[in-house]
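What follows is the residue order along each chain.
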Amino acid sequence: MIFNAPDIAWAQLTPVLFPLGAAVIGVLVEAFAPRAARRPTQLALSLLALLGSIVSVGLLWPDVRDTGGTEVLGGSMLVDGPTLVLQAVIALLALLAVLIAADRTSTGEDAFAPQAASVPGSGYEESARRAGLQQTEVFPLMLFATGGMMIFPATGDLLTLFVALEVLSLPLYLLTGMARRRRLLSQEASMKYFLLGAFASALLLFGIVLLYGYSGSLRYSDIAAAVTTTTGMDGLLLVGALLVLIGLLFKVGAVPFHSWTPDVYQGAPTPITGFMAACTKVAAFGALLRVFYTVLPGMRWDLEPMMWTVAIATMVVGTVIALVQTDVKRVLAYSSIAHAGFVLTGVIALAQSGITAVLFYLLAYGAATVGAFGIVSLVRERATAEVPEAARASLGVAVAAGVLPAGSDTTTGADPVDDADAPVLGEATDLSQWAGLGRTHPVLATTFALFLLSFAGIPLTAGFTGKFAVFSAAVDGGAWPLALIGVLASAAAAFFYVRLIVLMFFTSPQGGPLSDADADATTRPRTVVVVSQGYAVAAIAVCAVLTVLLGVLPGPVLDAIAEVAVFLP
Amino acid sequence: MTVTSLAPLLVAVPLASAAILLLLGRAADRWGHWLGVLASAAAFVVGALLLTDLLGRDAADRVVDVHLFDWITVGRFDLAAGLRIDPLSLTFVLLVTFVGTLIHLYSVAYMAHDAARRRFFAYLNLFIAAMLILVLADSYLLLFVGWEGVGLASYLLIGFWNHRTEYAVAAKKAFVANRVGDIGLLVAMGLLFSQLGSLDFESVTAGVESGAVSTGMLTAIGLMLLLAACGKSAQFPLQSWLGDAMAGPTPVSALIHAATMVTAGVYLIVRSAPVFEGAPTAQLIVTIVGAITLVLGAIIGCAKDDIKKGLAASTMSQIGYMVLAAGLGPIGYAFAIFHLVTHGFFKAGMFLGAGSVMHGMDDTTDMRHFGALRTSMTVTWATFGLGWLAILGVPPFSGFWSKDKIIEAAFVVPEGAAEWRAWVFGIVALVGAGITAFYMSRMFFMTFHGKARWTDSRAQASDERPLRHPHESPWLMTIPMIVLAVGSLGLGFVLQLGGGFTTWLEPVTGHVEHHEPVLSVPVIQIATLLAVAIGLVLAWRQYGALPVPTTAPQGSVLTRAARVDMYQDTVNDAVLVQPGQYLTRSLVYGDRSVVDGAFTGLGKLTVGIGQVLRRLQSGYARQYAATMLFGLVVLAIVVLAPRI
């Protein structure tokens, strides 16, 4: 057997090489650099790598725009227009997510456990916390995941697709379990994510096998050719295609493969939730687009009923369940499910405008998502000096995990309202804790409202342009019932976004038990907004500017995307 | 670089100044008013430069379009924002900025003791900017921006002292009445767009003249434009807000509610000349509206004891003259604008005079407590007097040259129309001049002549004769009054020299051959002067020679009706407000019970479904995996079913 080393066009790979290379260096930094130097080094390394990615996409852009793109690594990866757009979007969103993850805020603690390996609630954990240990491996892990995400939509064969999927997933499983607070919840989420992810990977792999059996090749172009020429093995093809699609639909969080989303989004450290919700979705939709547009268009009529079912179920279930959520992270999780449904309408359109629309939507959605979770990470609860047992129980895992330092039980005597020294706990994710935030922190609440309006698709925000684009693509592609359901679902979804806005701006903190009838507002830990070190605020500001800019002046970006939105066959 | 490229500065400078004054807040309190004056003056300088540039050109080249930016590009609709500099717009620019600057200057002293003086100047600058957008716009859409802008500035300034509820209500009333007019403009724009697909003056003119729009449609557009003009210019039947608008500080009344903004309706009609030329019916209605308003305003003016409300009624009446002239077609356009300019000067001057009187009389506006102010306020008396002579139309003061021309034009039989029109409108205009002479003289005599109905000695003070210490206003206030009085004196004469002003406007209004009125010109002039003389003498007999009672006598039915603005508020209330409120209440009821009911029901259903579905989210990974498997099976069936 002769192994022919493929001719590698390094230049085309630079967007991917930057984060992966930096991640490898990051691992070495963890091993050899002194502890104090790690954090700044890792942060600088990550930011530079992601900036490098963006710049190299920019450098590759003119060439790809003119030639339509090239195959690299012997066809394992395709560097074409959509690849570059997606890589730029992923790198940009990852950059913002890294900034939010890096922010240690005024509490001096980031969102990650000081020692992820320590048992929650153990003395070891407590001493690690006191020693000020930090899990700076977070940065290389995020970079590895980003690298995988950037390869995911650029793959040219099914094997690379699978490898990319695993490269992006494994670090995410780890990161999910590393929350500083509510660690049991976090670890549980990590475990669920891993189990279900493995299940989905298995389905994907099985699908790949069936498609290989059908076509005798893993290469997209070969399979696509086989679809039109081969006859008699439709069973293999259909089931294989179905399983591959399910593997991808799991990653985008489409119903009925969405169950992991709310639990994982809630349990993961909030910056990681933002990172996952934005970047993973972009990458997975990129891959889904490529598979759907280049591999399976020949089976369009067979797969359409199934995709329609999934899209409708996703929009409806995501929206309906979001209506009854009481936790802000879960609301955003279900909203992300509903958004997956909206994007699917654009994917199903199978029209040229669909590619542009989906790519734009992903950017708009990603910016608002990273920003929204960034804000969630800043809104914390503070232990009241006298926390009654009932309320303490409601803190649940946080207290069990020893987040309250020893001795905090005895800080009694002071008037709870004036006690500004009480420790700041984890995020105040219960909706009732967001009441009145608009009055106490107008800028923060307004920015959050902006992201919510973008999610809701209100004109002059990026979300509106994105929704308009995917729905018109769906109509172009003849899928007007999907567009209609999408519009109706958006209208219903607007309810829970606006409810949050009403809660922030028009409800007093004591005003009316909106979600938990049993929780007394006075014994509930009070909500505080911690001061960012600057990283998170910068990232949130960029997201806000993007959200407004893409809403007011979407033209240049839409045009730029439309220019290159053609897949290599 | 040409001079015309400076034109955007006309708008930009006052707008920037307004923004600075509003954004800096208290930090600008000490010098903010001077910035406001400077911004207005700078705009005037730019306007003057443009004038010299335009005068240096041939008449044919005096229409210059300045492209600003591509504004709206949607499908076939492509609208650029641009400024049109031509004799008409430049006339307005100079009037607005010149009178505006004087009034800014006046306000520095007039508002000196007001804590919110900076905000006042910010609004004034905002008004100047909006008014200049209005007159410089090269399309109806941009004009509408300015139109709404002046409406906003007017609202803010009428309600400037909004801690007084009735002032705030007056501001609201003005705003609402203006909205009615604005709807007219919006509908007119919609009709124009549906017919021609464009809104810039150039294409509208070309389109209308090419005959692409039917006469019926042109009539509809014309009537809608007239509605807009009625709202903005306080013409019948939307006139009720102007009297209440006097709640604003007096400089505002002078600038916005006398000299400039309220004349925007006349501008709109003259600017839309091509539309009206194609719609004789609309033109006739314009004339009728003008005639009704000029008489109505004059009658109301006869009964008002509040000096500012009297002047407001007079403004309404004088704008009625302008609208009447504008309705006469090409022979009237130039005279409408001519009268607008001279009126801008003498009416602003008289308002400033009234402000000066109020300044010296503890902010009283009731003329029954004035009298004999001539000696204590000589400058005010002299400048007000010049304005009075001008509005009377006494030769050779400004008003004579412009108003007389309108009366003459009213006596001309329009082409292809019945002769009765010339007689009716001519006589109405002539009689109006007589009534004007009466009420303006009444105002002048009641304020400055006769016996003092106030006292400056504490001992004699009573309800009948309140204690007042009249004094002349500071020079910052008198200088603008003097300048405007000079305008009242000589501007009309200068502008009419050799038909200068009408020739200047010809690139816009078109050249008109002289038409012979049904009566010869000298006869009309003598008749007019006679009417004026009668009005003057009657006023002198009643208010100059005889003592004026300090409380208003009951008066005749007509007087009582005129005092309450001819029952216009009562009519509006009965015809519009009450049915409107009833309709609103029923709609609210319908909205609550039917629309909301349906939606709440739907919402409850959805939430119910959500409650059921969330049970699936049990937290058990095994159940999640089962869900996925279930989904897989279902989808496999969906995919494979057609094949089996």
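Remember, it's a predicted structure, so these values are computed and weren't measured experimentally.

Caption draft 1: Molecular detail of the pairing of strand E2 (residues 77-85) of chain B. Residues and elements named next belong to chain B. Along E2, 7 of the 9 residues are buried, which leaves the element largely enclosed by surrounding structure. Bridge analysis of strand E1 (residues 64-74) against E2 gives 9 bridges, and the strand direction is antiparallel. Looking at the pairing, Asp65 lines up with Arg84 of E2.

Caption draft 2: Spatial organisation of the packing of aromatic side chains. Following the criterion strictly, the structure yields 36 aromatic pairs over all chains and no others. On the basis of an interplanar angle of 35° and a centroid distance of 5.4 Å, the ring pair of Phe338 of chain B and Phe501 of chain B is categorised as tilted. Highlighted residues: Phe338 of chain B in helix H15 (residues 330-360) and Phe501 of chain B in helix H20 (residues 500-509), separated in sequence by 163 residues. Following the ring pairs from residue to residue traces out a cluster consisting of Tyr173, Tyr193, Phe194, Phe250, Trp260, Tyr265 and Phe373 of chain A. Above the ring of Trp301 of chain A, the side-chain terminus of Arg300 of chain A is found at 5.2 Å from the ring centroid. When the ring centre of Tyr167 of chain B is taken as origin, the NZ or CZ atom of Arg164 of chain B, which lies over that ring, is 4.5 Å away.

Caption draft 3: Broad picture of helix H6 (residues 158-176) of chain A. Residues and elements named next belong to chain A. Given a rise of 1.5 Å per residue, 19 residues ought to cover 27 Å, and the 27 Å separating the end C-alpha atoms of H6 matches this to within 8%. With respect to burial, H6 is a largely interior element, 14 of its 19 residues being buried. Of the residues flanking the start of H6, the one acting as N-cap is Asp157, its side-chain oxygen 3.1 Å from the backbone nitrogen of Leu159.

Caption draft 4: Quick look at the interface of chain A and chain B. Contacts between the two partners involve 35 residues from chain A, matched on the other side by 23 residues from chain B. Where chain A touches chain B, the interface holds 4 residue pairs in polar contact (both at pLDDT 80 or more). Listed by contribution, the elements that provide at least two residues to the side of chain A that touches chain B are helix H7 (183-215), helix H9 (234-252), helix H10 (260-267), helix H12 (300-322) and helix H13 (328-348) of chain A. Of the residues forming the side of chain A that touches chain B, the biggest block, 9 residues, is contributed by H12 of chain A. Of the residues belonging to the side of chain A that touches chain B, the class tally is 25 nonpolar, 4 polar and 6 charged.

Caption draft 5: Local environment of unusual backbone geometry. That bond from Phe236 of chain B to Pro237 of chain B is cis: its omega, 5°, falls within 30 degrees of zero. Cis peptide bonds are those with omega within 30 degrees of zero, and the linkage from Pro395 of chain B to Pro396 of chain B qualifies with 5°. As for its placement among the helices and strands, Pro396 of chain B is situated in the loop between helix H16 (378-392) and helix H17 (398-410). Despite not being glycine, Leu460 of chain A shows a phi value in the positive range, around 75°. Structurally, Leu460 of chain A is set in the loop between helix H18 (442-456) and helix H19 (462-476).

Caption draft 6: Just a nonpolar patch on the surface, in detail. Residues and elements named next belong to chain B. Taken together, Val564, Tyr567, Val571, Val575, Leu576 and Val577 make up a surface patch of nonpolar side chains, about 530 Å² in accessible area. For Val575, the location among the structural elements is in helix H23 (residues 568-614). Val575 sits in the exposed class, given a relative accessible area of 54%.

Caption draft 7: Expanded view of the pattern of salt bridges. All names here are of chain A. Taken as a whole, this structure holds 29 salt bridges over all chains when the rule is applied. Between Arg180 and Glu109 there is a salt bridge whose closest N-O contact spans 3.7 Å. Of the two residues, Arg180 is situated in the loop between H6 and H7 and Glu109 in the loop between helix H3 (81-102) and helix H4 (123-130); the sequence distance between them amounts to 71 residues. Look at Arg180 and you get buried, because its relative accessible area is 10%.

Basis of the calculations
- Residues numbered from 1 in each chain as written.
- Chains lettered and ligands numbered in written order.
- Predicted model: local features only at pLDDT ≥ 70, side-chain atom pairs only at ≥ 80, totals over all residues.
- Heavy atoms only, no water.
- Buried < 20%, exposed > 50% of the residue type's maximum accessible area, 1.4 Å probe, protein only.
- Helix = DSSP H or I, 4+ residues; strand = E, 2+ residues; numbered from the N terminus.
- Pairing = 2+ DSSP bridges.
- Phe/Tyr/Trp six-rings, centres within 6.5 Å; stacked < 30°, edge-to-face > 60°.
- Lys NZ or Arg CZ within 6 Å of the ring centre and 35° of its normal.
- Expected span 1.5 Å × (residues − 1).
- Polar contact = N/O pair within 3.5 Å; in protein donor to acceptor, adjacent residues only side chain to side chain.
- Contact = heavy atoms within 4.5 Å.
- Nonpolar A, V, L, I, M, F, W, Y, C, P; charged D, E, K, R; others polar.
- Patch = residues over 30% accessible without salt bridge, like charges linked within 9 Å, V, L, I, M, F, W, Y side chains within 5 Å.
- Areas by Shrake-Rupley, 256 points an atom, 1.4 Å probe, with all protein chains shown as cover.
- Salt bridge = Lys/Arg side-chain N within 4 Å of Asp/Glu carboxyl O.

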